[in-house]
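Examination of the molecular architecture
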Amino acid sequence: MNNFADILKKETLAIHQQVEKTVIQRIKNVNNLDAYKMLLLDFYRFYKSIEDASLPYLEEGNYPHKPNYQRSRKIIDDLMSMGSEAPAISPLKHPDISSLKEALSAIYVLEGSALGGPYIAKMLEKRGIDQSLSFFMGDGEKGMENWQDFRRHLNELPIQENEKQELIQLVKEVFLSFENQLKTS
Ligand code: HEM
């Protein structure tokens, strides 16, 4: 298999299912806006930490489509629309990111996660949350197009055979860092 995006999908299937289960568990505990804000804060800490570590490499590489990679801003919008202040967070413990390849591999987790967002939004609506869902709603109709675009960029990276395992491991650890946070907060 040479398509790096497909490799990541296959190799992270199990950890995706695990994190999905944990997120669903958390959603089941959302009964009011305060609990929803806590869930958003967890997503914020994860997205903001990975974005801050990754974006400098994307900027350095003059990488296109940057706006998509600042999803944490949408979380701030949602929190503020519920009357919260912009949160100060301590960065999440996550694997080191020190190249464009590592940065895009880490961003794979965030961009992929946005695909699950609309499902999360529906679950939250069923639990009575009817506002401030823009982050989870994601890119709407453009979602799949943006995702295919991102996959294409990922596949254009000149990744050598001997680099793949390390990058797969990094992606798994990025998933795990979120899983750990969701379970401990
Ligand atoms: C209730 C929670 C979630 C649900 C229901 C969900 C659902 C989905 C679905 C349906 C897709 C596939 C979309 C498609 O290809 O048509 C997807 C992809 C993906 N999700 Fe989730 N997701 C959830 C949470 C998460 C979280 C929390 C993360 C990351 C921390 C994540 C990471 C990913 C990634 C990386 C992909 C891309 C897989 C690929 O390479 O095709 N998801 N998700």
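For the structure, check the block above.
Residues numbered from 1 in each chain as written. Predicted model: local features only at pLDDT ≥ 70, side-chain atom pairs only at ≥ 80, totals over all residues. Heavy atoms only, no water.

Just one protein ligand coordinates the iron atom of the ligand, and it is His-16 (NE2) at 2.1 Å. By secondary structure assignment, the location of His-16 is in helix α2 (residues 13-28). (Donors = N, O, S within 2.8 Å, 3.2 Å for Na, K, Ca; no water. Helix = DSSP H or I, 4+ residues; strand = E, 2+ residues; numbered from the N terminus.)

So, about the site of the ligand. Surrounding the ligand, one finds 20 residues, the nearest of these being Lys-9, His-16, Tyr-108, Gly-112 and Met-144. Within the side chain of His-16, a nitrogen or oxygen atom sits 2.8 Å from a nitrogen atom of the ligand. Measuring from an oxygen atom of the ligand, one finds a side-chain N or O atom of Tyr-108 at 2.6 Å. Secondary-structure elements contributing two or more residues to the shell around the ligand are α2, α5 (100-126), α7 (143-156) and α8 (161-184). No other element matches the 9 residues that α5 contributes to the shell around the ligand. (Near = heavy atom within 4 Å. Polar contact = N/O pair within 3.5 Å; in protein donor to acceptor, adjacent residues only side chain to side chain.)

Looking at the element boundaries, Pro-91 is found in the loop between α4 (72-81) and α5. With a relative accessible area of 65%, Pro-91 lands in the exposed category. Expressed as a C-alpha distance, the spacing of Pro-91 and Ser-81, which sit 10 residues apart in the sequence, is 23 Å. Not counting residues up to four positions away in its chain, the partners in contact with Pro-91 are Arg-45 and Ser-49. (Buried < 20%, exposed > 50% of the residue type's maximum accessible area, 1.4 Å probe, protein only. Contact = heavy atoms within 4.5 Å.)

At their nearest, the axes of helix α3 (residues 33-60) and α5 sit 9 Å apart, and the two run at 155° to each other. Here α3 lies roughly antiparallel to α5, going by the angle between them. Two packed elements cross with a definite hand, and for α3 against α5 that hand is left-handed. Where α3 abuts α5, its residues Tyr-36, Leu-39, Phe-43, Phe-46, Tyr-47, Ile-50, Glu-51, Ser-54, Tyr-57 and Leu-58 lie against Leu-100, Ala-103, Leu-104, Ala-106, Ile-107, Val-109, Leu-110, Ser-113, Ala-114, Ile-120 and Leu-124. By residue class, the composition of the contact of α3 with α5 is 18 nonpolar, 2 polar and 1 charged. (Axes fitted to C-alpha atoms, helices over the stretch in contact; angles between N-to-C directions. Parallel < 35°, antiparallel > 145°, perpendicular 65-115°, else oblique. Left-handed = near helix turned anticlockwise from the far one by under 90°. Nonpolar A, V, L, I, M, F, W, Y, C, P; charged D, E, K, R; others polar.)

What follows covers α8. An ideal rise of 1.5 Å per residue puts 34 Å on 24 residues; α8 measures up with 36 Å between its terminal C-alpha atoms. Residues of α8 that are buried: Lys-164, Leu-167, Ile-168, Leu-170, Val-171, Val-174, Phe-175, Ser-177, Phe-178, Glu-179, Gln-181 and Leu-182. Here the buried face of α8 lies against α1 (4-11), α2, α3 and α5. (Expected span 1.5 Å × (residues − 1).)

What follows concerns the pattern of salt bridges. Evaluated as defined, the whole model comprises 12 salt bridges. Taking the shortest distance from any N to any O, the salt bridge between Asp-52 and Lys-48 comes out at 3.2 Å. Highlighted residues: Asp-52 and Lys-48, both in helix α3, separated by 4 residues, approximately one helical turn. A relative accessible area of 44% means that Asp-52 is categorised as partly exposed. Given the relative accessible area of 26%, Lys-48 is considered partly exposed. A single network of salt bridges, built from pairs that share partners, joins Arg-71, Glu-111 and Asp-139. (Salt bridge = Lys/Arg side-chain N within 4 Å of Asp/Glu carboxyl O.)

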